[in-house]
Amino acid sequence: MTIFRIRRPEIGSIALTAIVTLYLLLLTNNSFWSHAIVYFDRAWPGLLSLGAALCLTTFAVLTSLSMKYVMKPVIILLIVISAAAAYFTDSFGVVIDKGMIGNAAVTTGAEASHLLTGSLLLHLALYALIPSLLIIWIKVRHRRFLAKAAVNFLFIAPALVLSGALIYANFATIAYALREHRDLMVRFNPAGPVTSAVRYALSTYRERNLVVQPLGTDAKGGTRIANAGKPIVVVVVAGETARAMNFSLNGYHRETNPELKALEVVNYRNTTSCGTATAVSLPCMFSVYPRKQYSDWKARSTENLVNVLTHAGVSVTWWDNNTGSKGIADLISFASMTRQKKNPLCKNGECLDEIFLDQLDRKLGATTANSVIVLHQLGSHGPSYYLRYPEAFRRFTPDCRTAELMRCSTEEIVNAYDNTILYTDHILASVARLLEKHQDRIAGAMIYMSDHGESLGENGIYLHGAPYAIAPKEQTQVPFLAWFSKPYQAAMGIDTGCLANDADEPRSHDNLFHTVLGMMDVRTKVYNRDLDAFAACTRPDVREKTTPAYHAAQNLGPTAPVDEPPRARSAPDFL
């Protein structure tokens, strides 16, 4: 009996390379081409030359990797990378740069699960799985090694020469477009994501022998906190993905801050973030470095705000309802709220932010020392906005009830997001009320600042993480507010009326480090009074002379962190 068999087709390695090159350029680079057309602004000769040069260069690179036993795995890997990157760039308008690779590297399973949607799986099946299976199925003809090397060279050399000639012929136009729009080549698949991953890997490798330099070891409490008569407690709420424009306190047309509105909060309406993703903004917020001087290396190699507070004898605690402290809380008391699996506020590894409140109530009731408590929210993190608030705060409807934002209308997406802001309003107001509840035994204050904003479809962009140079204001304008109990105002000399008059002054993440030091009356050389948002409205203490302003970014003393790792020392055990 004859069994019917389909004969596997054969193809030469050069021909397969050419087909794969065209596939990658034409079917996985929609975002690149759409942006290139806009960026080149009808300069068609330059655009066509760049496109042809990229095609030739990609062909040359793939041809150089077309060895037997190497070709198929490499091509399949690049197709999968390109298909996955294309889904996120086309669906959300994001850019897969080094920062985005870093975000992915620290993403928790619960957070990642919101992105594993049916649309993603269908896209990968069509653009990655089927092409990969076809490549596995076909037979590729290979010449002997020397003959193959010679033939490959005959294709690679002319391709690279012609590519260079095309770039040279339109160099001025191409150079101008790429210089003004540095995100364009990062969008090119598969080169952009691969290059970003390599840069991230090299950066991580560079930090393997990282040494954390001490900061603010001279810190001590001032006379105000020494004579307060009761413990000073500041709750720092690190927000997540809240954008300033959706706060009614900032003029938003919807009432998203009804509870905070009823309290005497000080709200700063013009505040910018250090980055557009948590992995950048959160460490930057707690770093002594201002945004223009900040780098990931500097943050990791220098102690931060919580360490300086500890040097001053302040008890510091970090409670996390997010993906961790990004190294900030490595040396202090840390607790993850998401580990409370039996708590009704938690589901699938994530908890509603109300998880903080009962524990905060108990902690404030037992506090006997000057303390700073950091609450790291889950806040408004997308794309599953509908999971960030309970049914009681589902006020704006219809709201988007899926992580696949492209299936929802703009109105539904905004409604869901606004519900998260309404819920954050409740959380913040509840923290203030708890501090007020215990004001007979503590003098409490709260300061809130979000790490970055969020795009909700404006200009075809969703979520966050855009390179800062091209990031829209929706991702960089963040809410910043504070509340002070009466005992705190009296003990620390805060004039809230004065602060309210400064509400329109520009503020940024640069202010948090020095403002919290000021709130705890910490005296140290690394404190910069000019960056303390409340200093100008703090009444002078007659018992002590005012500490002169000191610009930490200009002079960190003899232990200033360096840009290169010390050669003779290894990383401490906690890293």
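The preceding data block contains the structure.
Residues numbered from 1 in each chain as written. Predicted model: local features only at pLDDT ≥ 70, side-chain atom pairs only at ≥ 80, totals over all residues. Heavy atoms only, no water.

## Quick notes on the sheet that holds strand E11 (residues 371-376)
The condition is simple: In this scheme, strands are said to pair when DSSP sees at least two bridges between them. Under the DSSP-based scheme used, a helix requires at least four consecutive residues in state H or I and a strand at least two consecutive residues in state E, with every element numbered from the N terminus. Fitted lines through C-alpha atoms give the axes, limited to the stretch in contact for helices. The angle between two N-to-C directions lies from 0 to 180 degrees.
The 7 strands are arranged E5-E15-E12-E4-E11-E7-E8 in an open sheet whose pairing can be described as mixed. The open sheet has two edge strands, strand E5 (266-268) and strand E8 (333-336), and neither has a second partner. Shown here is a sheet whose adjacent strand axes are inclined to one another by a mean of 15 degrees, direction ignored. In terms of strand pairing, strand E7 (residues 315-320) meets E8 through 4 bridges, oriented parallel.

## Quick look at helix H22 (residues 510-519)
For the record, the criterion: Only protein chains enter the accessibility calculation, which uses a 1.4 Å probe. A residue is then buried if its area is under 20% of the maximum for its type, exposed if over 50%, and partly exposed in between.
Counting buried residues along H22, 8 of its 10 residues qualify, which places the element largely inside the surrounding structure. Taken as a whole, H22 has its buried residues at Asn511, Leu512, Phe513, His514, Thr515, Val516, Leu517 and Met519. Where H22 ends, the next residue or the one after it, Asp521, has phi of about 55 degrees, a positive value.

## Things to note about the pattern of salt bridges
Cut-off, in case you're wondering: Any carboxyl oxygen of Asp or Glu within 4 Å of a side-chain nitrogen of Lys or Arg constitutes a salt bridge here.
Inspection of the entire model under this criterion finds 18 salt bridges. Where Arg187 meets Asp183, a salt bridge forms, and the shortest distance between an N and an O atom there is 2.8 Å. You'll find Arg187 and Asp183 in the same group, each marked buried. One salt bridge connects Glu255 with Lys261, and the closest N-O pair in it is separated by 3.4 Å.

## Brief notes about the pairing of strand E15 (residues 480-484)
Judged by how many residues are buried, E15 sits mostly within the fold: 5 of 5 residues are covered. Burial of E15 is two-sided: the residues Phe480, Ala482 and Phe484 facing one way and the residues Leu481 and Trp483 facing the other way are all buried. With 3 bridges joining them, E5 and E15 adopt antiparallel strand pairing. Bridging across to E15, Tyr268 finds its partner in Phe480. Where strand E12 (residues 443-450) and E15 come together, 5 bridges link them in antiparallel fashion.

## Digging into the environment of Leu352
Where we set the bar: Pairs of residues are marked as contacts when any of their non-hydrogen atoms sit within 4.5 Å.
You can see Leu352 is positioned in the loop between strand E10 (350-351) and helix H17 (355-366). Look at Leu352 and you get buried, because its relative accessible area is 15%. Distance from Leu352 to Tyr389, taken between C-alpha atoms, is 6.7 Å for residues 37 residues apart in sequence. Discounting chain neighbours no more than four positions away, the residues touching Leu352 are Asn321, Leu345, Leu387, Arg388, Tyr389, Pro390 and Tyr423.

## Things to note about the packing of helix H1 (residues 13-27) against helix H3 (residues 44-64)
Put simply, the rule is: Roughly parallel means an angle under 35 degrees; roughly antiparallel means over 145; roughly perpendicular covers 65 to 115; every other angle is labelled oblique. Each crossing is labelled by how the near helix is turned from the far one, with a counterclockwise turn of less than a right angle marking it left-handed and a clockwise turn marking it right-handed. Under the grouping applied here, Gly and all other residues not named as nonpolar or charged are polar, the nonpolar ones being Ala, Val, Leu, Ile, Met, Phe, Trp, Tyr, Cys and Pro and the charged ones Asp, Glu, Lys and Arg.
Two elements in contact, H1 and H3, have axes separated by 9 Å at closest approach and are oriented at 135 degrees. With respect to H3, the axis of H1 lies oblique. Judged by the twist between their axes, the crossing of H1 over H3 is right-handed. Contact residues: H1 offers Ile14, Thr17, Ala18, Val20, Thr21, Leu22, Leu24 and Leu25, while H3 offers Gly51, Leu54, Cys55, Thr58, Phe59, Leu62 and Thr63. Within the contact of H1 with H3, the residues separate by chemical class into 10 nonpolar, 5 polar and no charged.

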